[in-house]
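# Understanding the architecture of this molecule
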Amino acid sequence: MSDDRRRELGETDAPVEDEISDSFTAVVEEGAERLQRTTRVVLTTGFAGGLEIGVGVMAYLAVLHATDDHLLAGLAFSVGLIALYLAHSELFTENFLLPITALIAREGTVGQLLRLWIGTLLGNLAGGWLFMWFVVQAFPQWHSVLEESARHYVDAPFGLQTIALAVLGGSTITLVTRMQQGTDSDPAKIVAAVAGGFLLSGLQLFHSILDSLLVFGAILADAPITYGQWIGWFGYTLLFNVLGGVVLVTSLRLIRSADLLAGRRRSGPARTD
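I will try to describe carefully the structure that is included in this document.

## Considerations on the overall build of the protein chain
The number of helices and strands found in the protein chain is twelve helices and zero strands. The linear arrangement of helices and strands in the protein chain, starting from the amino end, is α-α-α-α-α-α-α-α-α-α-α-α. When each of the 273 residues of the protein chain is scored for burial, the buried share is 51%. Long-range contacts, defined here as pairs at least 24 residues apart, represent 83% of the contacts in the protein chain between residues at least 6 apart. Carbon and sulfur atoms provide 64% of the accessible area of the protein chain, an area that totals close to 12300 Å².

## Overview of the environment of Tyr227
Relative to the assigned elements, Tyr227 resides in helix α11 (residues 227-256). Through-space distance from the C-alpha of Tyr227 to that of Val215 is 8.6 Å; in sequence the pair is twelve residues apart. Setting aside its immediate chain neighbours within four residues, Tyr227 contacts Trp129, Phe216, Ile219 and Leu220. Here Trp129 takes part through its side chain, which lies 2.9 Å from a polar atom of the side chain of Tyr227.

## So, the side chain of His207
Checked against the element boundaries, His207 lands in the loop between α9 (186-202) and α10 (210-220). Setting aside residues no more than four positions away along its own chain, His207 makes contact with Leu91, Thr93, Gly169, Ile173, Leu200, Ser212, Trp233, Thr237 and Asn241.

## Considering the environment of Val154
As for its position among the elements, Val154 is in helix α7 (residues 143-154). Spatially, the C-alpha atoms of Val154 and Asp211 are 9.5 Å apart, while their sequence positions differ by 57 residues.

## Comments concerning empty space enclosed by the protein
In total, this model carries two cavities of 30 Å³ or more according to the counting rule given. In this structure, the largest cavity encloses a volume near 40 Å³. What lines the largest cavity is simply Leu81, Leu84, Tyr85, Glu94, Ile173, Val176, Gln180 and Ala193. Elements supplying a minimum of two residues to the lining of the largest cavity: α4 (70-87) and α8 (160-181). The residue inventory of the lining of the largest cavity, partitioned by class, reads six nonpolar, one polar and one charged. In this structure, the second largest cavity encloses a volume near 30 Å³. Looking at the lining of the second largest cavity, the elements that each hand over two or more residues are α9 and α10. Here the residues of the lining of the second largest cavity sort into six nonpolar, one polar and one charged.

## Section: the nonpolar core
Leu61 and Leu81 are the most contacted members of the largest nonpolar core, which totals 67 residues. Of all the elements, helix α6 (residues 110-138) adds the most residues to this core, at nine residues. Once residues within four sequence positions are removed from consideration, Leu61 is found in contact with Met132, Val135, Trp142, Val145, Leu146 and Leu214.

## What about a nonpolar patch on the surface?
Among the surface-exposed residues, Leu43, Val110, Leu114, Ile118 and Leu122 lie close enough to one another that they form a single nonpolar patch of about 450 Å² accessible area. When residues in the nonpolar patch are grouped by element, the largest group, four residues, is from α6. Of note, Leu114 is situated in helix α6. The partly exposed category is assigned to Leu114, whose relative accessible area is 43%.

## Topic: α4
Look at α4: 26 Å from first C-alpha to last across 18 residues, which is about the 26 Å you get at 1.5 Å a residue. Within the sequence span of α4, burial applies to Ala73, Gly74, Ala76, Phe77, Ser78, Gly80, Leu81, Leu84 and Tyr85. Buried residues along α4 sit against α3 (39-67), α8, α9 and α10. With a side-chain oxygen positioned 2.9 Å from the backbone nitrogen of Leu71, the residue opening α4 is Asp69.

## A few points about the pattern of salt bridges
Applying the stated criterion to the full structure yields six salt bridges. Where Arg34 meets Glu90, a salt bridge forms, and the shortest distance between an N and an O atom there is 3.4 Å. Separated by 56 residues along the polypeptide, Arg34 in helix α2 (residues 18-35) and Glu90 in the loop between α4 and α5 (97-104) bring together distant segments of the chain. Take Arg34: its relative accessible area is 7%, and that puts it in the buried class. Where Glu147 meets Arg151, a salt bridge forms, and the shortest distance between an N and an O atom there is 3.3 Å. Of this pair, Glu147 and Arg151 both sit in helix α7, four residues apart, roughly one helical turn. For Arg151, a relative accessible area of 23% puts it in the partly exposed group. Linked by salt bridges that have partners in common, Glu30, Glu33, Arg34, Arg37 and Glu90 make up one network.

Rules behind the numbers
- Residues numbered from 1 in each chain as written.
- Predicted model: local features only at pLDDT ≥ 70, side-chain atom pairs only at ≥ 80, totals over all residues.
- Heavy atoms only, no water.
- Helix = DSSP H or I, 4+ residues; strand = E, 2+ residues; numbered from the N terminus.
- Buried < 20%, exposed > 50% of the residue type's maximum accessible area, 1.4 Å probe, protein only.
- Contact = heavy atoms within 4.5 Å.
- Areas by Shrake-Rupley, 256 points an atom, 1.4 Å probe, with all protein chains shown as cover.
- Polar contact = N/O pair within 3.5 Å; in protein donor to acceptor, adjacent residues only side chain to side chain.
- 1 Å grid on protein atoms, 1.4 Å probe; cavity = no way out; pocket = protein on both sides within 12 Å on 5 of 7 lines; lining within 4 Å.
- Points joined across faces, edges and corners; volume = space filled by probe spheres on them.
- Nonpolar A, V, L, I, M, F, W, Y, C, P; charged D, E, K, R; others polar.
- Core = buried A, V, L, I, M, F, W, Y, C linked by side-chain atoms within 4.5 Å.
- Patch = residues over 30% accessible without salt bridge, like charges linked within 9 Å, V, L, I, M, F, W, Y side chains within 5 Å.
- Salt bridge = Lys/Arg side-chain N within 4 Å of Asp/Glu carboxyl O.
- Expected span 1.5 Å × (residues − 1).

Below you can see the structure in the form of structure tokens.
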């Protein structure tokens, strides 16, 4: 094959496009970096993520209170996802595609993945609760909107519809991560964040972290909602968020990159530090 023809087809010998190969490398490298984080870093990054997604919730409540329009409020919520991206913090539900791919590529261990998931989840919830305490004190006029928003989730009967909403919530935020990894353009990554925020909040999909902040706010505003009700909703939402992110997005990406994964696994042993 001539050099000119090879340049037309791409530089890699793997049976995938160069763009897929480059994106795969970026996913594995960032996923490995997340898996190698210490417990302190995982917790503080997750706590910061909870604070920053709280900024999006604050914007969401402001617009919803003023307009009673969930679609417009969903656009406002995207401020939180933009803050997450620019500040390099993260949500629990962002940690499906990247670390799982790195794990299968033997760039980390199951223990490291569990530490990342649990630490980020706890950090998100703690940071989000604290931020909502300040929101409740600062904007008492939003208390009724908070209660109404929270009841949409905690009062929802468990069934096929709520399962589907939680699966879509998990797959949507994982797809945002996938889109952001697929480009080097910061404006394109911000567009992906806006699209994700619009879908998550504008359509009121069930998202374990985002919607927990609304419930926390309602409880802190003395609405007749309990933490027990929140835990009942949170448990199944978290499960189906994971299934949506892992099955609908991550697993398909892994199948698409199977040849690259096999090559990466052959290149060296797993990291255990």
